[in-house]
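Now for the letters of each chain:
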Amino acid sequence: MLGAGALVAATLTATQDARAESHAMALPFALDWKFEGPSAPYFAAIDNGHFEANGLNVEITAGSGSLDAIPKVATGAFPVGFADINSLIKFLDQNPGAPVTAVMMIYDKPPFAVIGRKSLGVSEPKDLEGKVLGAPPPDGAWAQFPIFAAENGLDMAAITVEPVGFPTREPMLAEGNVAAITGFSFSSYLNLVRLGIEEDDISTILMADYGVDLYGNAIIVNTEWAAENSDTLKGFLAAVAAGWKDAIADPAAATASLMERNPAADAELEQRRLKLSIDANVLTDYTMESGFGTIDEERLASSVEQIKSTYEFVNEPDASLYFTEEYLPEGGFALK
């Protein structure tokens, strides 16, 4: 039984905690996709107190594709989001002066992929000719497919592209209605496994391994909001990095945080999806040597040139509009 002094202390502590939470800044964060394995680090950052330690009460909203968060952040509906930087580059070309930029690279190696089935004759890029490719129009991987096709000398006239919805993409491949699809490697691969396709029948053609020298998804921010909330943004990015560090150290615990928000998911499968994203997209040689969140300016310039090979810019490209390290610590974050 608590004594009077202990009871008062406990009451004061609870009141102080409630007051601290009420003083935390509410910060909506727009994800690119559903609550799946690769989003676990953000929920770990909530559950492990990283956002709270930076005075933030972060509310995470699911998205409907890797382009989805860009207009949400550009219009100010969300101050921060998660989106494909290559799509951001095109958005800024088509919407000059839009107040949005990338501030922290997450997928140093992008997960853009073509996923096929060997039993349907797709094991390498050239196999796509003469086949039906299922591609959701808002898909980030489909957005980069023209570069992938150009780098690998594919005859686009020989590929039948069928627009598909995200919910029907993997089922169509599982049923053999298409021979391959575009998607994120960790998403589509494990979705096919869940649908009962044997893993040795799945071919994952990662575009980054076939000449596509692009970056992937990054944290993006509304620049008008950032200018007025610089310290808040720096705290948010530090908490995001801490969440990823926690997920790398203990994927099972991070997956448990995810499962609290998506109890219908398969925990084992989502943990595999998280680990795939960590190993293939986040923990790269560059990230380990140069810091998580940062970019190589020469590589960004090279990627802009590669985008120009299949996309006609309306305005002269300006890399300074697409990414800034202003809100990152010197040398980025350490993940291990």
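Residues numbered from 1 in each chain as written. Predicted model: local features only at pLDDT ≥ 70, side-chain atom pairs only at ≥ 80, totals over all residues. Heavy atoms only, no water.

K.L.:
Could you give an account of the overall build of the protein, naming the residues involved and the relevant values?
P.N.:
When helices and strands are tallied, the protein shows 14 helices and 10 strands. Taking 2.2 N^0.38 as the reference for a compact globule, 336 residues should give roughly 20 Å; the C-alpha atoms of the protein span a radius of gyration of 21 Å, in line with that estimate. With the principal axes as the frame, the protein shows a C-alpha extent of 80 × 50 × 35 Å. For the protein, buried positions account for 53% of its 336 residues. Within the protein, contacts between residues at least 6 apart in sequence are counted, and of these 81% link residues at least 24 apart. (Helix = DSSP H or I, 4+ residues; strand = E, 2+ residues; numbered from the N terminus. Rg over C-alpha atoms; globule rule 2.2 N^0.38 Å. Buried < 20%, exposed > 50% of the residue type's maximum accessible area, 1.4 Å probe, protein only. Contact = heavy atoms within 4.5 Å.)

K.L.:
Outline the sheet that holds strand β4 (residues 100-105), listing residues and values.
P.N.:
If you trace the 5 strands from one edge of the open sheet to the other, you get β2-β1-β3-β10-β4, paired in mixed fashion. Of all strands in the sheet, those bounded by a partner on one side alone are β2 (56-61) and β4. Across the sheet, the axes of successive neighbouring strands diverge by a mean angle of 30°, strand direction being ignored. Bridge count for strand β1 (residues 25-30) against strand β3 (residues 80-84) is 2 bridges, and the pairing is parallel. By the bridge assignment for β3, Phe29 is matched with Val80. (Pairing = 2+ DSSP bridges. Axes fitted to C-alpha atoms, helices over the stretch in contact; angles between N-to-C directions.)

K.L.:
Got a sec to walk through helix α6 (residues 140-151)? Specific residues and values, please.
P.N.:
Taking 1.5 Å per residue, 12 residues should reach 16 Å; α6 reaches 17 Å between its end C-alpha atoms and fits that length. Residues Gly140, Ala141, Gln144, Phe145, Ile147, Phe148 and Ala149 constitute the buried set of α6. Just downstream of α6 lies Gly153, where phi reads positive at about 60°. (Expected span 1.5 Å × (residues − 1).)

K.L.:
Can you explain the environment of Gly121? Please cite residues and give values.
P.N.:
Here Gly121 is to be found in the loop between β5 (112-117) and β6 (132-135). The class for Gly121 is partly exposed, based on a relative accessible area of 32%. The sequence separation of Gly121 and Thr75 amounts to 46 residues, and the corresponding C-alpha distance is 44 Å. Non-local contacts of Gly121, meaning those with residues more than four positions away in its chain, are made with Asp127 and Lys131.

K.L.:
For the side chain of Arg273, give the residues involved together with the corresponding values.
P.N.:
Along the chain, Arg273 falls in helix α12 (residues 267-282). Of the polar contacts made by the side chain of Arg273, one reaches the side chain of Asn191; its length is 3.1 Å. Not counting residues within four places of it along the chain, the set of residues in contact with Arg273 comprises Glu36, Gly37, Pro38, Phe186, Ser187, Leu190, Asn191 and Arg194. (Polar contact = N/O pair within 3.5 Å; in protein donor to acceptor, adjacent residues only side chain to side chain.)

K.L.:
Residue-level account of the nonpolar core, with values.
P.N.:
Ranked by internal contacts, the top residues of the largest apolar core, which has 90 residues, are Ile106, Phe236 and Trp244. In terms of residue count, the dominant contributor to this core is helix α10 (residues 230-249) (9 residues). Apart from residues no more than four positions distant in its own chain, Phe236 is found in contact with Leu27, Phe29, Phe51, Leu56, Val58, Val80 and Ile219. Judged by nonpolar contacts, the second largest core, of 14 residues, contains Met172, Leu173, Ile181 and Ile197. (Core = buried A, V, L, I, M, F, W, Y, C linked by side-chain atoms within 4.5 Å.)

K.L.:
Explain the confidence of the model for the protein to me, using residue names and the numbers behind them.
P.N.:
For the protein, mean pLDDT is 93; residues scoring 70 or higher make up 93% of the total. Low confidence marks residues 1-22, where pLDDT is under 50. Its contacts with residues over four positions away, or in another chain, come to 1 contact. (pLDDT = per-residue confidence, 0-100.)

K.L.:
Run through helix α2 (residues 40-47), naming residues and quoting values.
P.N.:
Among the 8 residues in α2, 6 count as buried, and that is most of the element. Residues of α2 that are buried: Ala40, Pro41, Tyr42, Phe43, Ala44 and Ala45. Within two residues after α2, Gly49 carries a phi angle of roughly 80°, on the positive side.

K.L.:
Quick rundown of the packing of aromatic side chains? Include the residues and the values.
P.N.:
This model, assessed by the stated rule, comprises 15 aromatic pairs. Aromatic side chains Tyr107 and Phe186 sit 5.8 Å apart centroid to centroid with 65° between the ring planes, which places their arrangement in the edge-to-face category. With Tyr107 in the loop between β4 and β5 and Phe186 in helix α8 (residues 185-194), this residue pair connects regions lying 79 residues apart in the sequence. What links up through ring pairs into an aromatic cluster is the set Phe29, Tyr42, Phe51, Phe82, Tyr107, Phe112, Phe184, Phe186, Phe236, Trp244 and Phe292. The ring of Tyr215 is capped by Arg299, whose NZ or CZ atom sits 3.8 Å from the centre of that ring. (Phe/Tyr/Trp six-rings, centres within 6.5 Å; stacked < 30°, edge-to-face > 60°. Lys NZ or Arg CZ within 6 Å of the ring centre and 35° of its normal.)

K.L.:
Tell me what's going on with a negative patch on the surface, and back it up with residues and numbers.
P.N.:
A cluster of acidic residues, Asp296, Glu297, Glu298, Glu325 and Glu330, forms a negative patch at the surface. By the element assignment, Glu298 lies in helix α14 (residues 297-308). Its relative accessible area of 67% is what places Glu298 among the exposed residues. (Patch = residues over 30% accessible without salt bridge, like charges linked within 9 Å, V, L, I, M, F, W, Y side chains within 5 Å. Areas by Shrake-Rupley, 256 points an atom, 1.4 Å probe, with all protein chains shown as cover. Salt bridge = Lys/Arg side-chain N within 4 Å of Asp/Glu carboxyl O. Lys, Arg positive; Asp, Glu negative; His and termini not counted. Charge placed at Lys NZ, Arg CZ, Asp CG, Glu CD.)

K.L.:
Report on empty space enclosed by the protein, specifying residues and quantitative values.
P.N.:
Under the criterion given, the structure shown has 1 cavity of 30 Å³ or more. Considering only enclosed or pocket space, the largest cavity measures out at about 210 Å³ in volume. Forming the walls of the largest cavity are 19 residues, and the residues nearest its centre are Asp32, Trp33, Phe184, Phe186 and Ser187. Those elements that provide at least two residues to the lining of the largest cavity are α7 (166-174) and α8. Here the lining of the largest cavity is composed, by residue class, of 9 nonpolar, 5 polar and 5 charged. (1 Å grid on protein atoms, 1.4 Å probe; cavity = no way out; pocket = protein on both sides within 12 Å on 5 of 7 lines; lining within 4 Å. Points joined across faces, edges and corners; volume = space filled by probe spheres on them. Nonpolar A, V, L, I, M, F, W, Y, C, P; charged D, E, K, R; others polar.)

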